[in-house]
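So the chains spell out like this:
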Amino acid sequence: MSTSALDTVTTAINTIRTLSMDGVQAANSGHPGTPMALAPVAYQIWAQEMDYDPGAPLWPNRDRYILSCGHASMLLYSMIHVSGIKKAKACGKVLDEPALTVDDLKNFRQYGSLTPGHPEHGHTTGVETTTGPLGQGCANSVGMAIGQNWLAARYNKPGKELFDFDVYVQCSDGDLMEGVACEAASLAGHLKLSNLCWVYDDNHITIEGDTDLAFSEDVATRFEGLGWTVYRVDDANDLKALGQAFSKFKANQAGPTLIIVRSVIGYGAPHAAGTSGAHGSPLGDEEVKLTKEAYGWPADKKFYVPDETLEHFASTMGERGAAARTSWDKTYEAYSAAHPELAAELDKIWAGELPAGWDKDLPVFPADPKGTATRGSGGKALNGVAKNLPWMLGGSADLAPSTKTLIDGEGSFGPTSHAGRNLHFGIREHAMAAAGNGMALLGLRPYVSTFFVFSDYLRPAMRLSALMKLPVTYVFTHDSIGVGEDGPTHQPVEQLAAARAIPGLVVMRPGDANEASRTWHVAIAEQHRPVAMVLTRQNMPTLCRDKYAAVEGVDKGAYVLADAEGGNPDVILMASGSELSLAVEAYEQLTADGVKARVVSVPSFELFEDQDASYRESVLPPAVTARVACEAGVRQGWDAYLGLTGAFIGMDSFGDSGPFEDVYKARGITAEAMVAAAKAQL
Ligand SMILES: Cc1ncc(C[n+]2csc(CCOP(=O)(O)OP(=O)(O)O)c2C)c(N)n1
Ligand SMILES: [Mg+2]
């Protein structure tokens, strides 16, 4: 059968299928089976359902599409190509060239290509979020759906509805087995996010084999229990049934929608079904040929894209999307005239800029020997920012009274009100962080919060914040053994080292109230890196900044807080967080004893590493090898600053239960220990 005998839609779908097969084959690695089976579903969403203008891939009200099963990346790349999405630069400029050419598809999985093994946001236009770790895309979508509802509640005006986009997700068995997707689904159901649609590829297979091995629950009943409306489509090739299900989704205002689509993973030519290792590996050249023949496709052509397919996408998705976007542009023009202040806010959100004066209410704290906990001063700083940064919103995993992260005077974002800026994520740390990523992908400035020890529960999403360069602010309180009575389960020990190990994550542990305020300054000023701030539950002195150095030193990650007379110390004391005041105490003692000491406050390794060598050497002169560092965590990471001979005072095992003063003493984390170590260094 020649291609001309096939109808246009089938040709379009087979184009997607064969591009995916050819891409995986050329790379000789990847998963072709899922893109082959899901091509009709992706076709239906892109060609028939989404409002997305391929010529304006950054249009703020575009429907969002997430391929949560990122291992099927060739499906997404094929869609980006056939739909004619234009390439956008990081600055927001859209070029008159395709986001992905056929050559890019041919380079699937190659070094430096635009078509890496798993979709990477910021690398390939049209990729709304980075996926690959199963479940994350699903959870990101909940953040996007929250963000859309919040934007709509704040900015839409009667007759001038700027935000009504939908969020579509294609997900797999693996996605729905993952805890993070279930947490996120539970949250989405509770919040009644009716703009959210997950399309589940119920193909009964994962890598080890049939889902009978490990996944026998009734997914539909589970999701109904979570507050979702569930529809079923019995055959992934049944476009009519798919279309009907999507129509029902669009009409459904009650909450999120799950469409369970039964599919059979592609195994190559039907006669060879089950004989190739198609699940996680390429088909092989012979199998590819046979499969193309079975589709009625020119068997010898590779990466073949009929004009008919391009024209079909242009006349469906292209025309519909352009019309929607043009009409939105007109609405926005009228909106800008009627509500110039709000429009100015939106322009800043989309440009990733901050409003003028966003930092003018950051608090300054007077010196106070008794001091406060940095969770408290941090909470005041959060509120100082929130006052002047309207699109900062966030919340905690059920710990706001402890993490001090509520925005004063603002309502809650809940099932019946989507205007509030205080989010209640429930005890779902992982989904919280992944939702933070989704919100940041819309240009909002989210913060998320929990106890530092539970950062382990959300680490995979925090890693993706860093990988995607998203400005999500992590507020971690209860930073150390300073938690005291809650004991070793609640006392982070290795979490600082673990957080610092994530490339591109700025970890900050401020040493007094003013450093905490400045930490918020850094966190919000950072546009392309997440910041994790680590704050105390226990009080610590607020240092006198007339006596000691100015707090802006925080921006450089490490700075000389107090120095030996003449600036030539014989020993350097370094500390972060609650141990900073111990270092100051030790310094005063050493000075009284005639020892020339320097205190270096080290709120952030990463910011210090950003500085040039001359600054770093001015803070830590290489000639001064007598060094002591104190931090109530493990030593790992400090050796870079301690050198081969420096002393470390901190933790080398889990903590203990008891009043924090007793735990500190028992662990030898004291000013006296620092004094003794400093003298021993000399
Ligand atoms: C968090 C996580 N764990 C494991 C993997 C490795 N992995 C890739 S695909 C896959 C399972 C594939 O099964 P399914 O999700 O049903 O997708 P299908 O093969 O049906 O497309 C696994 C375990 C991963 N990508 N992410
Ligand atoms: Mg599967």
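For the protein, the name recorded in an unreviewed UniProt entry is Transketolase, with Posidoniimonas polymericola as its organism. A UniProt comment under Subunit (unreviewed entry) is attached to the protein, and it reads "Homodimer." Of the comments in the UniProt record for the protein, the one headed Sequence similarities (unreviewed entry) reads "Belongs to the transketolase family."

On to the coordination of the magnesium ion (ligand 2). Protein-derived coordination of the magnesium ion (ligand 2) comes from Asp173 (OD), Asn203 (OD1) and Ile205 (O), at a distance range of 2.1 to 2.2 Å. When the donors of the magnesium ion (ligand 2) are listed by position in the chain, the intervening gaps give D-x29-N-x1-I. Here the residue Asp173 occupies a position in helix α6 (residues 173-177), and Asn203 occupies one in the loop between β5 (196-202) and β6 (205-206), the gap between them amounting to 30 residues. Asp173 gets classed as buried once you look at its relative accessible area, which sits at 2%.

Attention now goes to the nonpolar core. Of all hydrophobic cores here, the largest spans 156 residues; its most connected members are Tyr155, Trp198, Trp520, Leu573 and Met574. Broken down by element, this core gets its largest block of residues, ten residues, from helix α5 (residues 136-155). Of all hydrophobic cores here, the second largest spans 51 residues; its members include Ile45, Val199, Phe303 and Met317.

For the rest of this paragraph, the subject is the packing of helix α11 (residues 307-338) against helix α12 (residues 340-351). Direction vectors running N to C along α11 and α12 enclose 125°, while the axes themselves pass 6 Å from each other. Considering the angle they form, α11 stands oblique to α12. For the pair formed by α11 and α12, the contact residues are Trp328, Tyr332, Tyr335, Ser336, Ala337 and Ala338 on the first element and Pro340, Leu342, Ala343, Leu346, Asp347 and Trp350 on the second. When its residues are assigned to classes, the contact of α11 with α12 shows ten nonpolar, one polar and one charged.

So, on to the pattern of salt bridges. This structure, assessed with the given rule, holds 28 salt bridges. Among the salt bridges present, the one from Asp96 reaches Lys86, with a minimum N-O distance of 3.5 Å. Linking Asp96 in strand β3 (residues 94-98) with Lys86 in strand β2 (residues 86-88), this pair joins segments that are ten residues apart in sequence. Taking relative accessible area as the criterion, Lys86 reaches 27% and is therefore assigned partly exposed. Note that Lys547 is salt-bridged to Glu588, the shortest N-O span being 3.0 Å. Here Lys547 is found in the loop between β18 (540-542) and β19 (559-562), whereas its partner Glu588 is found in helix α19 (residues 580-592), with 41 residues between them in sequence. Using a relative accessible area of 56% as the deciding quantity, one classes Lys547 as exposed. One salt-bridge network, held together by shared partners, links Asp53, Arg325 and Asp329.

Conventions adopted
Residues numbered from 1 in each chain as written. Chains lettered and ligands numbered in written order. Predicted model: local features only at pLDDT ≥ 70, side-chain atom pairs only at ≥ 80, totals over all residues. Heavy atoms only, no water. UniProt positions renumbered as here; feature names shortened; annotations may be inferred. Donors = N, O, S within 2.8 Å, 3.2 Å for Na, K, Ca; no water. Helix = DSSP H or I, 4+ residues; strand = E, 2+ residues; numbered from the N terminus. Buried < 20%, exposed > 50% of the residue type's maximum accessible area, 1.4 Å probe, protein only. Core = buried A, V, L, I, M, F, W, Y, C linked by side-chain atoms within 4.5 Å. Axes fitted to C-alpha atoms, helices over the stretch in contact; angles between N-to-C directions. Parallel < 35°, antiparallel > 145°, perpendicular 65-115°, else oblique. Contact = heavy atoms within 4.5 Å. Nonpolar A, V, L, I, M, F, W, Y, C, P; charged D, E, K, R; others polar. Salt bridge = Lys/Arg side-chain N within 4 Å of Asp/Glu carboxyl O.

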